[in-house]
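Spelled out from the first residue to the last, the chains are:
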Amino acid sequence: MTTPALLPLSGRRIPPLNLGPPSFPHHRATLRLSEKFILLLILSAFITLCFGAFFFLPDSSKHKRFDLGLEDVLIPHVDASKGAKNPGVFLIHGPDEHRHREEEERLRNKIRADHEKALEEAKEKLKKSREEIRAEIQTEKNKVVQEMKAKEKKPLPPVPIPNLIGINGGDPEDNDIRKKREKIKEMMKHAWDNYRIYGWGHNELRPIARKGHSTNIFGSSQMGATIVDALDTLYIMGLHDEFRDGQKWIEDNLDFSVNSEVSVFEVNIRFIGGLLAAYYLSGEEIFKIKAVQLAEKLLPAFNTPTGIPWAMVNLKSGVGRNWGWASAGSSILAEFGTLHMEFVHLSYLTGDPVYYKKVMHIRKLLQKMDRPNGLYPNYLNPRTGRWGQYHTSVGGLGDSFYEYLLKAWLMSDKTDHEARKMYDDAIEAIEKHLIKKSRGGLTFIGEWKNGHLEKKMGHLACFAGGMFALGADGSRTDKAGHYLELGAEIARTCHESYDRTALKLGPESFKFDGAVEAVAVRQAEKYYILRPEVIETYWYLWRFTHDPRYRQWGWEAALAIEKYCRVSGGFSGVKDVYSSTPTHDDVQQSFFLAETLKYLYLLFSSDDLLPLDHWVFNTEAHPLPVLHLANTTLSGNPAVR
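All values derive from a computational prediction rather than experimental measurement.

Visitor: Describe the overall build of the protein chain, naming the residues involved and giving the relevant values.
Guide: Each helix and strand counted, the protein chain has 18 helices and 19 strands in total. For the protein chain, with 641 residues in total, the buried portion stands at 51%. Long-range pairs, those at least 24 residues apart, make up 71% of the contacts in the protein chain between residues at least 6 apart in sequence. Total accessible area on the protein chain is roughly 29,300 Å²; 55% of this is exposed by carbon and sulfur atoms.

Visitor: Just give me the short version of the sheet that holds strand β8 (residues 391-392), but keep the residues and values in it.
Guide: Across the sheet, 3 strands lie side by side as β8-β11-β12; this open sheet has antiparallel pairing. Each having just a single partner strand, β8 and β12 (452-454) make up the two edges of the open sheet. With 3 bridges joining them, strand β11 (residues 447-449) and β12 adopt antiparallel strand pairing. Considered in β12, the bridge of E447 is made with E454.

Visitor: Explain the state of the cysteines residue by residue, including any values.
Guide: Scanning all chains against the criterion turns up 1 disulfide. Here C462 engages in a disulfide with C494; their sulfurs sit 2.0 Å apart. Judged by the sign of its S-S torsion, about -95°, the bond between C462 and C494 is left-handed. With C462 in the loop between β13 (456-458) and α14 (464-470) and C494 in helix α15 (residues 480-499), the pair connects residues that are 32 residues apart, well separated along the chain. Note on accessibility: C462 and C494 belong to one class, buried.

Visitor: An account of the pattern of salt bridges is requested, with residue identities and associated values reported.
Guide: For side chains of opposite charge, pairing can occur when their charged atoms come near one another. Under the criterion given, the structure shown has 38 salt bridges. A salt bridge links E508 to R531, with the nearest nitrogen and oxygen atoms 3.0 Å apart. Of this pair, E508 sits in the loop between α15 and β14 (509-513) while R531 sits in the loop between β15 (516-519) and α16 (533-545), placing them 23 residues apart in sequence. A relative accessible area of 12% places E508 in the buried class. If you follow the salt bridges from partner to partner, you end up with R420, K421, D424, D425, E428 and R476 in one network.

Visitor: Could you give an account of unusual backbone geometry, naming the residues involved and the relevant values?
Guide: Non-glycine residue D413 carries a positive phi angle of around 65°. Topologically, D413 is positioned in the loop between α12 (399-411) and α13 (417-433). Look at D413 and you get partly exposed, because its relative accessible area is 27%.

Visitor: Quick one: what's the story with the packing of aromatic side chains, residue by residue and with numbers?
Guide: All chains considered together, the criterion is met by 26 aromatic pairs. Seen in terms of ring centroids, F243 and F287 are 5.7 Å apart; in terms of plane orientation they differ by 70°. Their pairing is edge-to-face. A residue pair is termed long-range when its members are at least 10 positions apart, and F243 in helix α6 (residues 240-253) and F287 in helix α8 (residues 285-298) qualify at 44 residues. Across the pair, F287 and F243 agree in class, each one buried. Their ring planes at 55° and their centres at 5.4 Å tell us that Y279 and Y280 sit as a pair that is tilted. An aromatic cluster of three or more residues is present, and its members are Y376, W387, F401 and Y402. Above the face of the W200 ring, R196 is positioned so that its terminal group lies 4.0 Å from the ring centre.

Visitor: So what's going on with the pairing of β14? Which residues, and what values?
Guide: By the criterion of burial, β14 is predominantly enclosed, with 4 of the 5 residues buried. Pairing geometry for β14 and β15, over 3 bridges, is antiparallel. When the bridges of β15 are listed, D513 appears paired with V516.

Visitor: Quick one: what's the story with the side chain of D232, residue by residue and with numbers?
Guide: Looking at where D232 falls in the secondary structure, it is placed in helix α5 (residues 225-236). Residue class for D232 comes out buried when judged on its relative accessible area of 0%. Polar side-chain contacts of D232 include one of 3.0 Å to the side chain of K598.

Visitor: Any details on the nonpolar core? Residues and values, ideally.
Guide: Counting 166 residues, the largest nonpolar core has I184, F271, M457 and F468 as its most contacted members. If you tally residues by element for this core, the top one is helix α7 (residues 264-282), at 12 residues.

Visitor: Before we move on, could you go through the UniProt feature "active site" (unreviewed entry) in the protein chain and cite the residues and values that matter?
Guide: Sites flagged by UniProt as "active site" (unreviewed entry) map to E266, D399, E508 and E533. Tracing the backbone through its elements, the reader meets E266 in helix α7. Judged by relative accessible area, D399 falls into the buried class, the value being 0%.

Visitor: Give a detailed account of the environment of V262, specifying residues and quantitative values.
Guide: Relative to the helices and strands, V262 resides in strand β3 (residues 261-263). Considered as a pair, V262 and F218 are 44 residues apart in the sequence and their alpha carbons are 4.9 Å apart.

Visitor: Tell me what's going on with α6, and back it up with residues and numbers.
Guide: With 14 residues, α6 should cover 20 Å at 1.5 Å per step; its first-to-last C-alpha distance of 20 Å lies within 8% of that length. Turning to α6, the residues buried within the fold contact α4 (175-198), α5, α7 and α8.

Visitor: Lay out the sheet that holds β14 in plain terms, naming residues and giving numbers.
Guide: Spatially, 3 strands are ordered β13-β14-β15 in an open sheet, and the strand pairing comes out antiparallel. Of all strands in the sheet, those bounded by a partner on one side alone are β13 and β15. The sheet shows a mean angle of 15° between the axes of neighbouring strands, taken without regard to direction.

Visitor: Explain the packing of α5 against α6 to me, and be specific about the residues and the numbers.
Guide: One can describe the packing of α5 onto α6 by two numbers: an axis separation of 9 Å at closest approach and a directional angle of 150°. As judged from the angle between their axes, α5 and α6 are roughly antiparallel. Crossing angle aside, the handedness with which α5 passes α6 is left-handed. Within the contact between the two elements, α5 uses I227, V228, L231, L234 and Y235 and α6 uses H240, E242, F243, G246, Q247, W249 and I250. Among the residues forming the contact of α5 with α6, the class breakdown is 8 nonpolar, 3 polar and 1 charged.

Visitor: Talk me through the confidence of the model for the protein chain; I want residue IDs and the actual numbers.
Guide: Looking at the protein chain, pLDDT values average 85 and 80% of them are 70 or higher. Across the protein chain, the element-wise mean pLDDT spans from 51 in helix α1 (residues 28-56) up to 99 in helix α18 (residues 590-603). Below a pLDDT of 50 lies the segment residues 630-641, which in the model reaches 37 contacts outside its immediate sequence neighbourhood of four places, other chains included.

Visitor: Could you give an account of the packing of α16 against α18, with specific residues and numbers?
Guide: When two helices pack together, their arrangement is captured by the angle between the axes and the distance separating the axes. Where α16 contacts α18, the two axes come as close as 9 Å, and the packing angle between them is 25°. It follows that α16 is roughly parallel to α18 by the angle criterion. Read as a crossing pair, α16 and α18 show a hand that is left-handed. Where α16 approaches α18, its residues I535, E536, Y538, W539, W542 and R543 are matched on the opposing element by T596, Y599, L600, L602 and L603. Tallied by class, residues from the contact of α16 with α18 come to 8 nonpolar, 1 polar and 2 charged.

Visitor: Provide a residue-level description of the side chain of E533, including the pertinent values.
Guide: As for its position among the elements, E533 is in helix α16. Reaching out from E533, the side chain makes a polar contact with the side chain of H459 at a distance of 3.0 Å.

Procedures and definitions
- Residues numbered from 1 in each chain as written.
- Predicted model: local features only at pLDDT ≥ 70, side-chain atom pairs only at ≥ 80, totals over all residues.
- Heavy atoms only, no water.
- Helix = DSSP H or I, 4+ residues; strand = E, 2+ residues; numbered from the N terminus.
- Buried < 20%, exposed > 50% of the residue type's maximum accessible area, 1.4 Å probe, protein only.
- Contact = heavy atoms within 4.5 Å.
- Areas by Shrake-Rupley, 256 points an atom, 1.4 Å probe, with all protein chains shown as cover.
- Pairing = 2+ DSSP bridges.
- Disulfide = S-S within 2.5 Å.
- Salt bridge = Lys/Arg side-chain N within 4 Å of Asp/Glu carboxyl O.
- Phe/Tyr/Trp six-rings, centres within 6.5 Å; stacked < 30°, edge-to-face > 60°.
- Lys NZ or Arg CZ within 6 Å of the ring centre and 35° of its normal.
- Polar contact = N/O pair within 3.5 Å; in protein donor to acceptor, adjacent residues only side chain to side chain.
- Core = buried A, V, L, I, M, F, W, Y, C linked by side-chain atoms within 4.5 Å.
- UniProt positions renumbered as here; feature names shortened; annotations may be inferred.
- Expected span 1.5 Å × (residues − 1).
- Axes fitted to C-alpha atoms, helices over the stretch in contact; angles between N-to-C directions.
- Parallel < 35°, antiparallel > 145°, perpendicular 65-115°, else oblique.
- Left-handed = near helix turned anticlockwise from the far one by under 90°.
- Nonpolar A, V, L, I, M, F, W, Y, C, P; charged D, E, K, R; others polar.
- pLDDT = per-residue confidence, 0-100.

Dropping the structure here:
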């Protein structure tokens, strides 16, 4: 479930800095001397400042915020004693205090010596000519670049790979179903081949204009989002030549050291999720390496007073900020709450607990907070740790937070009981306050805004039918049948939103006011941008019930996409699903290849392809393996503990 960008793409460019030697036509010797004197003063002041900071800066250990005791993370292939927090408290007194003072004096003497040494080195530097200084600077820069390249190529530690089951195959026995599956594969080929011709390396494709396309969620760089997003779909469809083309582009071109501001959420679910899935399916190390490189670039986004990450981060500078439209500078629940799956796998694959600790910190903070009516508001201020506007939604802004609570439990081989409890508590509050039945008998999920329920449901919220079905097993007080039925009711409502349009494709959102049910009212809500959520719910319900209506409904959607969205240069969204002569938006979204076509392909495949007791799909439909008992990194696992 991918939230659309709400901000215009910035066209601002930063002019390149002129790093060439300055021109000094006159008084060259005099200027050189004054420059050296100024440089000496600057160096001296800087070193003095560093020297003084040692004595006057406060002890940072006294100012830790939200110390949640997560330092000792249980990861099987990591030595927990290294860098672990000592639970004991040591009081310094008597002889120990004397030794402590001696140690402080030794450190002061060392700093003084280092200070004097640095001053001497600065004086020696100033005796050299401008050309010699420039040459030394360039040498140092080259050295740093080489060290960074060496670090990037450093192999990651070997880890036990989970037992991977069902990564290919899935051929259905029924000939009619097999033909439908082949048609979905042909649609994938059409989408990929045209992107390969007209948009290769760009983030997305404009299939009518036949050129590349991008939005501000990917920043200003060509990061090949469609390539990364589509890899696992290509692999499970057996399109291995196309998969290798994508792999080659990633090896040669995918670079994260760019001056570009990206959405942490979107880059995590599409890029890190896509790269990790491609790694697990193919075993190719390059995907794991690239995923880790990108994850390191996202970590500065967590440098906030609360540890709740910024919505956006500059991949080069590490500077983060939030969307300007988000309630009083808040972070968004569905964004900072949709990192857990990918970050747990990153810690598992690297042996570095930092990723796990970041997402567990978010969870612990949320557990401490009051929730109005048991509901999680969509906005949380990362500076103050307070909720923003009281707006709760299972659609955009909130959706995948709830999904990832359930999937954290599933991914841990059902041992992360903390995540399961948070999911159950949240779903009970949602069912009590947000889920209603219309006059016509349609079950829908409304949105809570400032104390009242808005009777509107978004296409994004249609994923919840699949989520309820997926979470039915393991629910409280033997309510598995109830939640499976609730999922089926949501699927029926979302199918009605498709069936009540001219194109048999669903609108972006639809109302339940008076005589209007499951129909969009405002023009701005009548578009379809190749979204996957309804088909996703069909697939989950097919897997759990094998009711043929879900394959029938999925095939209806596939035919409508083929008829109204297919153009010669790929597939495009449409602006009005109620018009029999639709206008195209000329965008082939990357999630169309990652999610919509993948879920359709799986819907017409047998259940042994990516079985749900071995794989958990992230919110961009990238399959990640369940970390069974011996491998799990999550708390609550008695075998590891």
